[in-house]
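Okay, here's what each chain looks like letter by letter:
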Amino acid sequence: MEHDDAYLAGEGDLVRDDDRMLEETGADPEMFELELDGQVHTLPAALKGAVLRQADYTRKTQELAEHRRALEAEREALAARVNAHQGASRDEQRLAALDEQIEDFQAVDWEGYAAEDPEGAQASWSTFQRLAQAREQLAYAVSHHQERSALQAAREAAEAMAETGRKLSEEIEGWSPEVAGKLVDYAQAFGVTMEELREMADPRLWKLLHKAWRADQASEVGARETAQAVRPAVSISGGGGGAGGVRDELATKEWMRRRNEQMARGR
């Protein structure tokens, strides 16, 4: 049922404005209509506030449930990363233990051992070969896991920085990749490394950096304008006011050079 002043009370619930309903239906002013599951019910007006409060409660409850689901998804993702890290740590520990065992076998004098105990040497050699093969397979698994973890971390960092860029483009007027590059140069001038900047995905930190950069820019412009305003005008008598004279429109460095020349000539 369509109505310009309809109020969405919740899923399937529609409460309509009293005054408009009186005009359209001539209903009792002490009553109001509520649409629920496709059926219209006429209820006392005294209940309208309670219905609207219930609708607001339902909406907030749904929002809270969505928030909880999002938190639960994040918690599960974190738990999966922790389990993967713990699994990798156990494999690395096993790899270290295999390395120690293999080092012991590598220190054996196999020729002397075989001369004294051929059968024992053969059995030990077989064990040595099995350990070496197991070590190679485990090392490959650990390396593969480390590569996947590095790729995953890089992908997550890139996604975080992309989200930071989107937020900054909404909150900072004129934000662009060129501005971001200038901020990187500005930060590096203070010793901040690219690795540190890549980890700085918090948009608040970039906003602070942008504010400092803009303040320094404004300060430099102000200093140049002040220098231009206070620089004295020097007049040169005779032919000195030509191309080689001192004029206000000269750059500061050139102005000083010519002025020094004048002073050296005793003018």
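Residues numbered from 1 in each chain as written. Predicted model: local features only at pLDDT ≥ 70, side-chain atom pairs only at ≥ 80, totals over all residues. Heavy atoms only, no water.

Trainee: Can you explain the side chain of Ser124? Please cite residues and give values.
Mentor: Along the polypeptide, Ser124 turns up in helix H4 (residues 118-171). With residues up to four places along the chain from it excluded, the contact list for Ser124 reads Phe105, Trp110 and Tyr113. (Helix = DSSP H or I, 4+ residues; strand = E, 2+ residues; numbered from the N terminus. Contact = heavy atoms within 4.5 Å.)

Trainee: I'd like a rundown of H4, residues and numbers included.
Mentor: The end-to-end C-alpha separation of H4 is 79 Å, in line with the 80 Å expected for 54 residues at 1.5 Å each. Residues of H4 that are buried: Gly120, Ala121, Ser124, Phe128, Leu131, Leu138, Val142, His145, Thr164 and Leu168. (Expected span 1.5 Å × (residues − 1). Buried < 20%, exposed > 50% of the residue type's maximum accessible area, 1.4 Å probe, protein only.)

Trainee: Residue-level account of the pairing of strand E4 (residues 39-44), with values.
Mentor: One ladder, built from 6 bridges, connects strand E3 (residues 31-36) with E4; its direction is antiparallel. From the neighbouring strand, Met31 faces E4, where its bridge partner is Pro44. Between E3 and E4, which pair antiparallel in sequence order, lie 2 residues; one of them, Asp37, sits at a positive phi of approximately 55 degrees. (Pairing = 2+ DSSP bridges.)

Trainee: Summarise the confidence of the model for the protein chain; cite the residues concerned and give the values.
Mentor: In the predicted model, the protein chain carries a mean pLDDT of 75, and the fraction of residues at 70 or more is 73%. Of all helices and strands in the protein chain, the one with the weakest mean pLDDT is strand E1 (residues 7-10) (40), whereas helix H5 (residues 177-188) scores best (91). Confidence over residues 236-242 falls short of pLDDT 50; this stretch has 9 contacts with residues more than four positions distant or in other chains. (pLDDT = per-residue confidence, 0-100.)

Trainee: Just give me the short version of the nonpolar core, but keep the residues and values in it.
Mentor: For soluble globular proteins, nonpolar side chains are generally found buried alongside one another. Counting residues in hydrophobic clusters, the biggest one holds 13 residues, and the most contacted among them are Trp175, Leu183, Leu197, Trp206 and Leu209. Where this core is concerned, the elements lending two or more residues are H5 and helix H7 (203-230). A per-element tally of this core places H5 first, with 5 residues. When neighbours within four sequence positions are excluded, Leu209 is seen to be in contact with Leu183, Tyr186, Ala187 and Met200. (Core = buried A, V, L, I, M, F, W, Y, C linked by side-chain atoms within 4.5 Å.)

Trainee: Mind laying out the environment of Val192, listing which residues take part and the relevant values?
Mentor: Mapped onto the secondary structure, Val192 falls in the loop between H5 and helix H6 (194-198). Once residues within four sequence positions are removed from consideration, Val192 is found in contact with Ala187 and Leu197.

Trainee: Would you mind going over the pattern of salt bridges in detail, with residue names and values included?
Mentor: Scanning the entire structure with this criterion turns up 6 salt bridges. Its salt-bridge partner being Asp91, residue Arg94 comes within 3.6 Å of it at the nearest N-O pair. Placement of both Arg94 and Asp91 in helix H2 (residues 48-106) is noted, with a separation of 3 residues, approximately one turn of the helix. Residue Asp91 is classed as partly exposed on the basis of its relative accessible area of 24%. Linking Glu195 and Arg198 is a salt bridge whose minimum nitrogen-to-oxygen distance equals 3.8 Å. Taken as a pair, Glu195 and Arg198 lie in helix H6 at a separation of 3 residues, close to a single helical turn. Neither residue differs from the other here; Glu195 and Arg198 are each classed as exposed. (Salt bridge = Lys/Arg side-chain N within 4 Å of Asp/Glu carboxyl O.)

Trainee: I'd love a proper account of H5, names of residues and values included.
Mentor: A rise of 1.5 Å per residue sets the reference length of H5, with its 12 residues, at 16 Å; its end C-alpha atoms lie 16 Å apart and thus fit the reference within 8%. Of the positions making up H5, those classed as buried are Val179, Leu183, Val184, Tyr186 and Ala187. Looking down the long axis of H5, one finds its buried residues gathered within 165 degrees of arc, a one-sided arrangement. Of the residues in H5, the exposed ones pointing more than 90 degrees away from the buried face are Pro177, Glu178 and Asp185. (Arc of directions from axis to C-beta.)

Trainee: Would you mind going over the packing of aromatic side chains in detail, with residue names and values included?
Mentor: Taken as a whole and judged by the stated rule, the model has 7 aromatic pairs. Between the aromatic rings of Phe105 and Phe128, the centroid separation amounts to 5.6 Å while the plane-to-plane angle is 15 degrees, which identifies the pairing as stacked. With Phe105 in helix H2 and Phe128 in helix H4, the pair connects residues that are 23 residues apart, well separated along the chain. Between Trp110 and Trp125, the aromatic rings sit 5.1 Å apart at their centres with planes inclined by 85 degrees, giving edge-to-face as the arrangement. (Phe/Tyr/Trp six-rings, centres within 6.5 Å; stacked < 30°, edge-to-face > 60°.)

Trainee: I'd like a rundown of a negative patch on the surface, residues and numbers included.
Mentor: A cluster of acidic side chains, namely Asp109, Glu111, Glu116, Asp117 and Glu119, defines a negative patch on the protein surface. Tracing the backbone through its elements, the reader meets Glu119 in helix H4. (Patch = residues over 30% accessible without salt bridge, like charges linked within 9 Å, V, L, I, M, F, W, Y side chains within 5 Å. Areas by Shrake-Rupley, 256 points an atom, 1.4 Å probe, with all protein chains shown as cover. Lys, Arg positive; Asp, Glu negative; His and termini not counted. Charge placed at Lys NZ, Arg CZ, Asp CG, Glu CD.)

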